[in-house]
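Okay, here's what each chain looks like letter by letter:
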Protein chains: 4
Amino acid sequence: MKVGIINVTGYSGCELARILYRHPEVELASVTGRSAAGQKLGDVFPHLAALDLTITEQLDGNLDLAFSALPHKASAEAVIPALEQGLKVVDISADFRLKSADEYQEWYGVQHQDPNYLEEAVYGLTELHREEVKTARLVANPGCYPTSAILALAPVIEQSLIESDVIVDSKSGVSGGGRSLNMTNHFSEVNENVFAYALQGHRHLPEITQELSALTSDAPSITFLTHLIPMTRGILSSCYAKFKPSFLDNGTDPIQRIREIYEEYYADDPFVRVTPQPPQTKQTLGNNLCLIHPTVDLRTGRLIVISCLDNLVKGAAGQAVQNMNLMCGFPETESLEALAVYP
Amino acid sequence: MKVGIINVTGYSGCELARILYRHPEVELASVTGRSAAGQKLGDVFPHLAALDLTITEQLDGNLDLAFSALPHKASAEAVIPALEQGLKVVDISADFRLKSADEYQEWYGVQHQDPNYLEEAVYGLTELHREEVKTARLVANPGCYPTSAILALAPVIEQSLIESDVIVDSKSGVSGGGRSLNMTNHFSEVNENVFAYALQGHRHLPEITQELSALTSDAPSITFLTHLIPMTRGILSSCYAKFKPSFLDNGTDPIQRIREIYEEYYADDPFVRVTPQPPQTKQTLGNNLCLIHPTVDLRTGRLIVISCLDNLVKGAAGQAVQNMNLMCGFPETESLEALAVYP
Amino acid sequence: MKVGIINVTGYSGCELARILYRHPEVELASVTGRSAAGQKLGDVFPHLAALDLTITEQLDGNLDLAFSALPHKASAEAVIPALEQGLKVVDISADFRLKSADEYQEWYGVQHQDPNYLEEAVYGLTELHREEVKTARLVANPGCYPTSAILALAPVIEQSLIESDVIVDSKSGVSGGGRSLNMTNHFSEVNENVFAYALQGHRHLPEITQELSALTSDAPSITFLTHLIPMTRGILSSCYAKFKPSFLDNGTDPIQRIREIYEEYYADDPFVRVTPQPPQTKQTLGNNLCLIHPTVDLRTGRLIVISCLDNLVKGAAGQAVQNMNLMCGFPETESLEALAVYP
Amino acid sequence: MKVGIINVTGYSGCELARILYRHPEVELASVTGRSAAGQKLGDVFPHLAALDLTITEQLDGNLDLAFSALPHKASAEAVIPALEQGLKVVDISADFRLKSADEYQEWYGVQHQDPNYLEEAVYGLTELHREEVKTARLVANPGCYPTSAILALAPVIEQSLIESDVIVDSKSGVSGGGRSLNMTNHFSEVNENVFAYALQGHRHLPEITQELSALTSDAPSITFLTHLIPMTRGILSSCYAKFKPSFLDNGTDPIQRIREIYEEYYADDPFVRVTPQPPQTKQTLGNNLCLIHPTVDLRTGRLIVISCLDNLVKGAAGQAVQNMNLMCGFPETESLEALAVYP
């Protein structure tokens, strides 16, 4: 099968190329990039020199599926024509994630190019939408933060175990902000530093709310705060909520019980692992796992869930390949089995 | 005035030496260290070579005040004899922070050597106990995490503006764990990594609870979760709570109002700065400030307070010198005015 | 084929496990570790949880080949019995690298356990000894620094293009120092820091001298200086030498000429890439490439060669698997084709 | 005395403000910046909030001395008018460092605005030009790399102890590249990475050659190679040269002898310390020292000198204040005595 990557020159795009390189069912046949058009892929990204490709302005050749790794707005502009030419598309941007065009406009500041596609698009968090992904023509790949937050909270929200007040405190490495230059990725500004940002709401909040609300009749009220920390890859989310009294009143060990609930919930998901110890982002570097550790703060009876992942893999390119695998009938784990690079 | 440092060879100890080096009222006359006894201070710490001192096993000379930078338990064993010889003491360990000997034993796993001193000791968070510090003989210097958490929450708790449920999500650099070797300060394990630890309660929790409970009749229920991030110095705490309805029902802009409350609360505190933007740990590197940014998550009506500091300065040695200054009648800011080293 | 790893609990050992996990011809059947014996591999290294193995004290089962990732001296003690039981062995320690038992004793401070094996052992830098490796029973895997230095200098030394004075200035990440705790891998000591160490000769110097001297009748006089820099993986060596006049007197562009010499020299080596731009360690993270950039400082007529690699892959575990592949008749690149994880 | 900083918004500029904040003889009266004109200094740099200054487009007020922290070319354009208004100037840019206008044009690609000033300007490496600095009207502050290289090599070159072939292998933190955005200070590109750059000659080479050549009748032939490493502050230079036979033929211990030569050479220089152990950049963080460790590689008889400093202090703003102190008759060390911030 021939696939293309629209905008290979960002971090999600070049990570897609890395992962697809060894995919036995896929030929990466075309890669685009605006400023780098005409250059060899290996000249822009020496680690991809083994892929003998030239970057072009437009997708090229007879492709079956395209990944778009463009920023929002630009992505919709490239994705819609591709769909209309008959390609399947996995869009890594935010352009098709929200079901509401109004909400899209509120958070992203632009009018949606064609809201009709919002209904058709499948939110590509495989663990929640596996069956719909299999038959989708257009998959909206989730944001990196939402992947960690939604997977951390879906079991307890779907099973109505917690009150509606939820805090998600997320810590991200710098690559989540992309390859474009700005002061929050200047090494000297970010190194030996940590800070919170987007205190009035990160753009990833509406995805989290949309997906978690769909699991329950009692929509959660989420405070989602993002922090930048001095590392390249990785997101860790610490989630806090109050159990409903019924959960704690049950006589058995709540820590044991909550772990079993999560293990059962994710029993058939190859890329979610419920861990007995608090997980570390380093345990996911370069691979497609989301590690989740639910526990109970026994002094206060609160739920704590720690989840982590590699923002460029399960939070972007790896999830996209996982979606492609399902859309095209390949094994879900194909080319995503590599273990994390540690230390 | 002659002062000594018990255990100069840890990070708090050598940071004390750095700060005291230029203090015009103080002669650093004696420094101790167990394994390094007999060595020149400048051979162990080349950055302190300008201080012409030899490390000894015991404090030496006719001192007026001693700092103890020993670990808990060992510190009490050294501090009590010093007090009995008539010295004033600032103890950086946890040995005299908790008023309850039982709670000390529960959290630190050892029986307290002499609980009588617990009553006398003043918890040396200057902003809360300035007057008591001035006349104290024994000051228990606060922990690094508690300093950030208590200062972040004291105004709203003292003024009964929030409900009792409080989340404190703290992120710390590695130096907070000290200079002794263990896997959580091995560079290759910690670099490019973030993880939560002490999920069943960090030892700094009882201090936070003790001090915040003393400000209110309605003791807060605190979930305190600590995270290690790949940087050397700095702590940032993100605190979350629900406002009481009366706060939000007031017609005026709640963000503006909460900032004014904090600014007023800390108006006379030279080392607390209420910031208009979310603060960054890098803005405190090497200096004694605690930066605090209170705000309101307008979507949910929740309080968010971000606070940060240098764990070895305001979180340890700088706070200790601030306490010494007050105990000895020097200006509170003496030798603590240096600006942060940025970037 | 069944293989075992002696001392899986160090960084070279667990990196071997990571690489072998997907090797189609190999079953990793046994892993040993002293302090961790009895534990599940995935409990010690969560990123290896997919490998369902228990750490044992001794190799177990009917193995064909063993890797030893023990420190020197301990390694010889484990390797010799394995050889005598009929296993092939790739030894990652220094115990069989030097041909001279005297030199081994001089640099490592212990008498060699059985110098007879020094003659038999093949120095497993595949690019220099490919044919001998294919038939070897015992391969001594090169050190991480020597791999970068020898590959950088072999072409010009073998072809007698440079004078004998050679400077190798190497910069290494911290993981090269292993997983055992010491002050030079304490995060707070190493982060935001760079320093030279081993100024009177690093233990890897005799390997470099041995292998480069074997290529020429005119033994080079090498100053080799090692530096620790604040990153986890990666070694970069900057090598300096004076060209013989005959090289520069030749009329053609010397920069072009030196690159062609290197490209030709390594034309058949899948894991050496001669790069048109100065290489970066990040371009090798997690993979088995050594990137080499030779050039000429036109102002002084000096040769400069920059080489880099991942010290745990081409500098240790990857090279070991490359050797195993040859020793066992598998394709040289089997399970080593993954692209670098970037950024 | 009133001073101003032209272009306070770069790293050298804001570091000057930090250092001058506590200078008892100086009032920082004016700070300029192009894009930030009109903003409060503390809004742009929160760590400087204690300085109540507004950034202006042009220097303002009746100043005695100005520092220019502009990039080259722009700096000359601002410095010359300031001189003509009667101010003393310390220029941190490269515009007045080279004595030859041709060489300036060759390396910086622009014609010098007024070569007459090249003769007048004093190269402000205090240790070499202290007496000239005292009476200078215009001091050209040295580059960060040259400071480390020249101080490392001046003693042996002035005393004709080495052959002319010299290698300087320098490793720099990222802040040396300034605050402007480019791919070589993007965190995700630089973190966990090391690479050599400017292989055909860094712009700091002609300064090094100019100053070292002035010390000897036998101009050295220098290969100077720069490397970027993942830290914010600090430069470490490793210098290699061959001793003249007469040095080694002398019977006494050459390591001891070379150290004494350096100690004597720098005996009266408060900011150069000859260290018994190889120095670490971390030992200089935030202070004005240059640490130098000369030694002899006994196997080859080569000189190795390791030098290090904080590129923003002794390599820029600290050196500039040291020069100002001398130009204005203040003690050379005024406001520069703070110890390094460690760890």
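Because the structure is predicted, anything quoted here is derived from the model rather than measured. (Residues numbered from 1 in each chain as written. Chains lettered and ligands numbered in written order. Predicted model: local features only at pLDDT ≥ 70, side-chain atom pairs only at ≥ 80, totals over all residues.)

Peer 1: Would you explain the nonpolar core in this entry?
Peer 2: Of all hydrophobic cores here, the largest spans 455 residues; its most connected members are Leu153 of chain A, Leu153 of chain B, Leu153 of chain C together with Leu153 of chain D. Not counting chain neighbours up to four residues away, the residues in contact with Leu153 of chain A comprise Val166, Leu212, Cys239 and Val305 of chain A. (Core = buried A, V, L, I, M, F, W, Y, C linked by C-beta atoms within 7 Å. Buried ≥ 20, exposed ≤ 12 C-beta atoms within 10 Å, placed from the backbone. Contact = placed C-beta atoms within 7 Å.)

Peer 1: Is there a simple way to think about the sheet that holds strand E11 (residues 235–243) of chain A in this case?
Peer 2: Pairing between the strands of a sheet comes from backbone hydrogen bonds, and it takes one of two forms, parallel or antiparallel. All names here are of chain A. Here seven strands make up an open sheet; going across it, the order is E9-E10-E8-E11-E14-E13-E12 and the pairing mixed. Taken across any chain shown, the strands that pair with only one partner, and hence form the sheet edges, are strand E9 (195–197) and strand E12 (272–274). Taken over all neighbouring pairs, the strand axes of this sheet differ in orientation by 25° on average, direction set aside. Note that E9 and strand E10 (residues 221–228) share three bridges and pair antiparallel. Of the residues in E10, the one forming a bridge with Phe195 is Leu228. Here helix H7 (residues 144–158) sits on the sheet in contact with strand E8 (162–172), E10, E11, E12, strand E13 (290–297) and strand E14 (302–309), set at roughly 30° to E11. (Pairing = 2+ DSSP bridges. Helix = DSSP H or I, 4+ residues; strand = E, 2+ residues; numbered from the N terminus. Axes fitted to C-alpha atoms, helices over the stretch in contact; angles between N-to-C directions.)

Peer 1: For this particular structure, what's the right way to read the interface of chain D and chain A?
Peer 2: Bring the parts together and some accessible area is lost; that lost area is often taken as the interface size. Of the residues lining the interface, twelve residues belong to chain D; the matching set on chain A comes to twelve residues. Partitioned by chemical class, the residues of the side of chain D that touches chain A number four nonpolar, seven polar and one charged. (Nonpolar A, V, L, I, M, F, W, Y, C, P; charged D, E, K, R; others polar.)

Peer 1: Just to check I follow, could you spell out the relation of the copies chain D and chain A for this structure?
Peer 2: Both copies of the chain are related through a single rotation about an axis accompanied by a shift along the same axis. Of the transformation placing chain D onto chain A, the axial shift is 0.0 Å and the rotation is 180°, giving an RMSD of 0.0 Å. Expressed as an axis order, the relation between the two copies is that of a two-fold axis. For chain D, the residue whose C-alpha comes nearest the rotation axis is Phe187 of chain D, separated from it by 2.1 Å. Both copies contact each other with a shared surface, as 100% of the interface residues of chain D are interface residues in chain A too. (Least-squares fit on C-alpha atoms with pLDDT ≥ 70 in both.)

Peer 1: Please explain the domain arrangement of chain A as it appears in this structure.
Peer 2: All names here are of chain A. Under the domain assignment used here, chain A contains domain 1 (2–120) and domain 2 (145–311). Distance between the C-alpha centres of domain 1 and domain 2: 27 Å. Contact residues are listed per partner, giving nine residues for domain 1 and seven residues for domain 2. The element best represented in the side of domain 1 that touches domain 2 is helix H4 (residues 101–108), accounting for three residues. When the residues that make up the side of domain 1 that touches domain 2 are grouped by side-chain class, the tally is five nonpolar, one polar and three charged. (Domains from an automatic or database assignment.)

Peer 1: Would you explain the relation of the copies chain A and chain B in this entry?
Peer 2: Turning chain A through 180° and shifting it by 0.0 Å along the axis lays it on chain B, with an RMSD of 0.0 Å. When the interface residues of chain A are mapped onto chain B, 100% of them again fall at the interface, so both copies present the same face.

Peer 1: What exactly am I supposed to notice about the environment of Arg273 of chain B here?
Peer 2: Residues and elements named next belong to chain B. Of note, Arg273 is situated in strand E12 (residues 272–274). Given 20 C-beta atoms within 10 Å, Arg273 falls into the buried group. Each C-alpha atom of the pair Arg273 and Cys290 lies 6.4 Å from the other, and the pair is 17 residues apart in sequence. Look past the residues within four positions of Arg273 in its chain and what remains in contact with it is Leu289 and Leu291.

Peer 1: What is the right way to look at the interface of chain A and chain B in this model?
Peer 2: The interface of chain A with chain B comprises 41 residues on the first partner and 41 residues on the second. Put simply, the parts of the chain that give the side of chain A that touches chain B at least two residues each are E8, helix H8 (187–190), E9, E10, E11, E13 and E14 of chain A. Ranked by residues supplied to the side of chain A that touches chain B, first place goes to E10 of chain A with four residues. Here the residues of the side of chain A that touches chain B are counted per class, giving 19 nonpolar, 14 polar and eight charged.

Peer 1: Mind showing me how you'd approach the pairing of strand E13 (residues 290–297) of chain B here?
Peer 2: Within a regular beta strand, the side chains point alternately toward one face of the sheet and then the other, so they alternate between its two faces. Residue and element names in this part refer to chain B. Where burial is concerned, most of E13 is hidden: seven out of the eight residues are buried. Here E12 pairs with E13 via three bridges, running parallel. Following the sheet pairing, Arg273 is matched in E13 by Leu291. Two elements, E13 and strand E14 (residues 302–309), share eight bridges in a ladder whose sense is antiparallel.

Peer 1: For this particular structure, what's the right way to read the sheet that holds strand E3 (residues 55–56) of chain C?
Peer 2: Residue and element names in this part refer to chain C. Pairing in this open sheet of seven strands is parallel, and the strands run E3-E2-E1-E4-E5-E7-E6 from one edge to the other. Across the chains shown, the open sheet's two edge strands, defined by having one partner strand only, are E3 and strand E6 (122–123). As paired strands, E6 and strand E7 (residues 138–140) are joined by two bridges and run parallel to one another. Counted as the bridge partner of Tyr123 is Ala140 from E7.

Peer 1: Help me out: how do you make sense of the packing of helix H6 (residues 126–134) of chain C against helix H12 (residues 313–327) of chain C in this one?
Peer 2: Each pair of packed helices can be summarised by the angle the axes make with each other and by the distance between the axes. Residues and elements named next belong to chain C. Where H6 contacts H12, the axes come no closer than 9 Å and their chain directions differ by 35°. The handedness of the crossing between H6 and H12 comes out as right-handed. On the side of H6, the interface is formed by Thr126, Arg130, Val133 and Lys134, while H12 contributes Gln322, Asn323, Leu326 and Met327. Across the contact of H6 with H12, the residue classes break down as three nonpolar, three polar and two charged. (Left-handed = near helix turned anticlockwise from the far one by under 90°.)

Peer 1: How do you make sense of the environment of Cys328 of chain D when you look at a structure like this?
Peer 2: Residues and elements named next belong to chain D. Looking at the secondary structure, you find Cys328 in the segment after helix H12 (313–327). Since 16 C-beta atoms lie within 10 Å of it, Cys328 is described here as partly exposed. Placed 179 residues apart in sequence, Cys328 and Ala149 show a C-alpha to C-alpha distance of 27 Å. Setting aside residues no more than four positions away along its own chain, Cys328 makes contact with Met1 and Leu65.

Peer 1: Just checking my understanding: could you explain unusual backbone geometry for this structure?
Peer 2: Where the residue is not glycine, phi is negative for most of them; where a peptide bond is considered, it is trans in most cases. Each neighbour pair has its own omega, and for Tyr342 of chain A with Pro343 of chain A the value is 5°, a cis peptide bond. Along the chain, Pro343 of chain A turns up in the segment after helix H12 (313–327). Positive phi, normally seen in glycine, also occurs at Ser160 of chain D, with a value near 55°. Here Ser160 of chain D lies in the loop between helix H7 (144–158) and strand E8 (162–172). Assessed through the 14 C-beta atoms surrounding it within 10 Å, Ser160 of chain D is described here as partly exposed.

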